[in-house]
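# Structural overview
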Amino acid sequence: MENNSLEKSITLETRPSKASPLNAALTFAWRALLRIRYVPEQLFDVTVFPIIFLLMFTYLFGGAISGSTGEYLDFVLPGILVMTVAMITMYTGLDLNKDIEKGVFDRFRSLPIWQPAVLVGALLVDVVRYSLAATIMITLGYILGFRAEAGFTGVLLAVLVILFFAFSLSWIWTMLGIIVRSEKALMAISMMLLFPLTFLSSVFVDPSTMPNWLQSFVDINPITFVVDAARGLIHGYDVTSELLIITYISVGLIAVFGTLTMYFFRNKN
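Thresholds, definitions, all that
Residues numbered from 1 in each chain as written. Predicted model: local features only at pLDDT ≥ 70, side-chain atom pairs only at ≥ 80, totals over all residues. Heavy atoms only, no water. Helix = DSSP H or I, 4+ residues; strand = E, 2+ residues; numbered from the N terminus. Buried < 20%, exposed > 50% of the residue type's maximum accessible area, 1.4 Å probe, protein only. Areas by Shrake-Rupley, 256 points an atom, 1.4 Å probe, with all protein chains shown as cover. 1 Å grid on protein atoms, 1.4 Å probe; cavity = no way out; pocket = protein on both sides within 12 Å on 5 of 7 lines; lining within 4 Å. Points joined across faces, edges and corners; volume = space filled by probe spheres on them. Axes fitted to C-alpha atoms, helices over the stretch in contact; angles between N-to-C directions. Left-handed = near helix turned anticlockwise from the far one by under 90°. Contact = heavy atoms within 4.5 Å. Nonpolar A, V, L, I, M, F, W, Y, C, P; charged D, E, K, R; others polar. Phe/Tyr/Trp six-rings, centres within 6.5 Å; stacked < 30°, edge-to-face > 60°. Patch = residues over 30% accessible without salt bridge, like charges linked within 9 Å, V, L, I, M, F, W, Y side chains within 5 Å. Salt bridge = Lys/Arg side-chain N within 4 Å of Asp/Glu carboxyl O.

## Here we look at the overall build of the chain
When its secondary structure is counted, the chain shows twelve helices and zero strands. Reading the chain from its N end, one meets helices and strands in the order α-α-α-α-α-α-α-α-α-α-α-α. Relative to its full complement of 269 residues, the chain shows a buried share of 42%. Here the chain displays about 14100 Å² of accessible surface, and carbon together with sulfur accounts for 67% of that area.

Structure below.
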């Protein structure tokens, strides 16, 4: 009896404590980083695509729209930066959908951890991916002749605003990644939503040059507010109203889609 009690006592004393929410989230973030390490092709969307987009649109449309590629580069780089980061937010949901199809998702839900850590960890790594895309884009822009009138501080503030909006936008794809039954379907839905939002905006041209019926949509497009705010911060003009609108939109996206994501996460069959 004494030996059994001693063994039980030792077992209870050596049992590891439950991980804190922060540690659990960082563990899943590390898991996502390891996946990138072993499959580096996953970084094509944040390395190769930004370079292609910037070179293609600058030298294809720059002369026709602004009269010179240099002038157009100063205008279009913040827009393409927002577009690139917004487009790659969908990979959050795609990765989650893959885990669901492989059965890993069910294993994670059975662990005695803070359940949102599975999602938060993945989203934290995606912020790193967005930051990498922004760094590559801005570096290439400076090589091509781009100059920020507000200096480094303006560029940094613009990137922070974009990352905040991208983080909030990612919750939409995270929710869809849980409820959509296949990766191909999720990709199709994401493209169907992202293409109109990114192209029907102020990314490439001034909305005042558009037809009135199209301008009405562009003016209320969330991407337009983010692009205008990024341009303003980079080139040094006042964008207080745009920043307030972006804050309202981003907080709303997190509140609504974050809540829905956790509901579907807990009730996934």
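## Quick notes on the layout of surface pockets
Roughly 170 Å³ of volume is contained in the largest pocket. Around the largest pocket sit Ser131, Ala134, Thr135, Ile138, Thr139, Tyr142, Phe152, Val155, Leu156 and Val159, which together line it. Of all the elements in the fold, those that place two or more residues in the lining of the largest pocket are α7 (117-144) and α8 (151-179). Sort the elements by how many residues they give to the lining of the largest pocket and α7 lands first, with six residues.

## Section: the packing of helix α3 (residues 44-66) against α7
Viewed as axis vectors pointing N to C, α3 and α7 meet at an angle of 35°, and their least axial separation amounts to 9 Å. Judged by the sense of rotation from one axis to the other, the crossing of α3 with α7 is right-handed. Together, Asp45, Val46, Thr47, Pro50, Ile51, Leu54, Leu55 and Tyr59 of α3 and Arg129, Leu132, Ala133, Ile136, Met137, Leu140, Gly141 and Leu144 of α7 make up the contact between the two elements. Residues that form the contact of α3 with α7 fall into these classes: twelve nonpolar, two polar and two charged.

## Remarks on the packing of aromatic side chains
Within the structure shown, the criterion is met by eight aromatic pairs. Taken together through their ring pairs, the aromatic side chains of Phe53, Phe57, Phe195, Phe199 and Phe204 make up a single cluster.

## Considerations on a nonpolar patch on the surface
Together, Phe44, Val48, Phe49, Ile52, Met56, Leu60, Phe61 and Ile65 make up an exposed nonpolar region whose accessible area comes to about 700 Å². Checked against the element boundaries, Phe49 lands in helix α3.

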